[in-house]
Every structure is written in C-alpha cells, then in structure tokens.
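Tertiary structure, described
One-letter residues, chain by chain:
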Amino acid sequence: MLAAMTKSGWRITDQRRMLAQIFTDNAGYLSPKDVYDQMSMKYPSVSFDTVYRNLRMLSEMGVLEQFYFMDGGLKFKGSCVDHHHHHLICVNCEKTLTFEYCPMEQQMELPGRYKILNHRFEVYGICEECQEIAT
C-alpha cells in the first residue's frame, strides 16, 4: 500500500503509515468509521472526511477493494493484487471467499465501441457456517 502511495506521488506521513498498517492487521472488512475510530485513537485531530477521502483514493488506485454490504454499508479491505478473482460474500457474517470464475470471459456484445477498463463481480449469499447455525 505504501509503495502504491509513493508511486502515485503521495507523501508518506505517519498517519498514512498507520492507515496502511490498519489494513495489514485486519483481514476482514472495515467501514470508514472503523478506520476513523482506530486512526483517531492515535491522531485525535484527524477528521472523518480525511480518512474517508484517503480510503476512496486508495480504492481508486486499486490498493483497497470496496464493497457495499446490504446491512453494513460501504466497507473496505486490502486488495489481492496477485491474481484476478471475484467474491462470494456472506450477508450474515461478511465472510468472503474468492472464486476464479469471471463472467467477463464470456462473449459479450456491448453497444457501440465501449472499452471496458475494469470490473467487479460479487455474489451475496449465506456461507456454509451461517447456514449450519440457522438450522
């Protein structure tokens, strides 16, 4: 994450180092408020807007993946940049599994001369563990 920040011309501050560390230490999804709460413990003057803006910019760089959970709102997670995959997301516990199938590999007839730059494919459901708990 720090390398991507540097490559994009960002100055690496202590706050940005901490932001990167938060995602290194957490394998799951974090809401902007989760990140803000952790940041504000060490940096009480940091604003929510600054944290949110940095999260969005990191997402645009491809360093963070963003997901919109039906009940939990927008959340972020460190990106897997080593291979292409998509996600199965449990709406109950937010556990995420990756899978290799990509619908974009299928033949598509797009209108005009549309050029695709990027895409995401997410499938929401209930994981095996949550199904067992419910029965």
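Residues numbered from 1 in each chain as written. Predicted model: local features only at pLDDT ≥ 70, side-chain atom pairs only at ≥ 80, totals over all residues. Heavy atoms only, no water.

Things to note about the packing of helix 2 (residues 14-25) against helix 4 (residues 48-61)
Worth spelling out the cut-off: Note on method: axes are straight lines fitted to C-alpha atoms, helices fitted across the in-contact stretch only, with angles between N-to-C directions ranging 0 to 180 degrees. A helix here means a DSSP run of H or I that spans at least four residues, while a strand means a run of E at least two residues long, and both kinds are numbered starting from the N terminus. Comment on the angle field: the value is read as roughly parallel under 35 degrees, roughly antiparallel over 145, roughly perpendicular from 65 to 115, and oblique elsewhere. Left-handed describes a crossing whose near helix is turned anticlockwise from the far helix by less than a right angle; the clockwise case is right-handed. The criterion used for residue contact is that any of the two residues' heavy atoms lie within 4.5 Å. Residues are grouped as follows: Ala, Val, Leu, Ile, Met, Phe, Trp, Tyr, Cys and Pro are nonpolar; Asp, Glu, Lys and Arg are charged; every other residue, Gly included, is polar.
Relative orientation of the contacting elements helix 2 and helix 4 amounts to 65 degrees, with a least axis distance of 12 Å. With respect to helix 4, the axis of helix 2 lies roughly perpendicular. The element helix 2 and its partner helix 4 pack so that their crossing is right-handed. Contacts between helix 2 and helix 4 involve R16, L19 and F23 from the former and N54, L55 and L58 from the latter. Considered class by class, the residues forming the contact of helix 2 with helix 4 number four nonpolar, one polar and one charged.

Quick look at the pattern of salt bridges
Just so we agree on the cut-off: For this analysis, a salt bridge means a side-chain nitrogen from Lys or Arg found within 4 Å of a carboxyl oxygen belonging to Asp or Glu. With a 1.4 Å probe rolled over the protein chains alone, any residue whose accessible area is under 20% of its type maximum counts as buried; one over 50% counts as exposed, and the rest are partly exposed.
What the rule picks out here adds up to two salt bridges. One salt bridge in this structure joins K33 and D37, with 2.9 Å as the shortest N-O distance. With K33 and D37 both in helix 3 (residues 32-42), this residue pair falls four residues apart, about one helical turn. Judged by relative accessible area, D37 falls into the partly exposed class, the value being 31%.

Focus: the nonpolar core
For the record, the criterion: Nonpolar cores are built from buried Ala, Val, Leu, Ile, Met, Phe, Trp, Tyr and Cys residues. Side-chain atoms within 4.5 Å join them into one set.
Ranked by internal contacts, the top residues of the largest apolar core, which has 16 residues, are L19, F23, V35, M39 and L55. Of all the secondary structure elements, the ones that give two or more residues to this core are helix 2, helix 3 and helix 4. Here the element with the most residues in this core is helix 2; it accounts for four residues. Leave out the neighbours within four places in its chain, and F23 touches M1, L30, V35, L55, L64, F76, K77 and G78.

Digging into the environment of L55
Structurally, L55 can be placed in helix 4. The exposure class assigned to L55 is buried, which follows from its relative accessible area of 0%. Residues L55 and K95, 40 residues apart in the sequence, show an inter-C-alpha distance of 21 Å. With sequence-adjacent residues up to four places away left out, L55 is seen in contact with L19, F23, P32, V35, L64 and F76.

Points about the packing of aromatic side chains
Counted only if it meets this: Only rings of Phe, Tyr and Trp enter the pairing, Trp through its six-membered ring, and a pair is recorded when the two centres are within 6.5 Å. The plane angle decides the type: under 30 degrees is stacked, over 60 is edge-to-face, the rest tilted.
The tally for this structure, following the rule as stated, stands at three aromatic pairs. Look at Y36 and F48: their rings are 5.8 Å apart centre to centre, the planes differ by 75 degrees, and that puts the pair in the edge-to-face class. Taken together, the residues Y36 in helix 3 and F48 in helix 4 connect sequence positions 12 residues apart. Arranged with centres 6.3 Å apart and planes meeting at 20 degrees, the rings of F48 and Y52 form a pair that is stacked. Placement of the pair is F48 and Y52 together in helix 4, with a separation of four residues, close to one helical turn. Residue F48 is classed as partly exposed on the basis of its relative accessible area, which comes to 35%. You can call Y52 partly exposed: its relative accessible area is 31%. An aromatic cluster of three or more residues is present, and its members are Y36, F48 and Y52.

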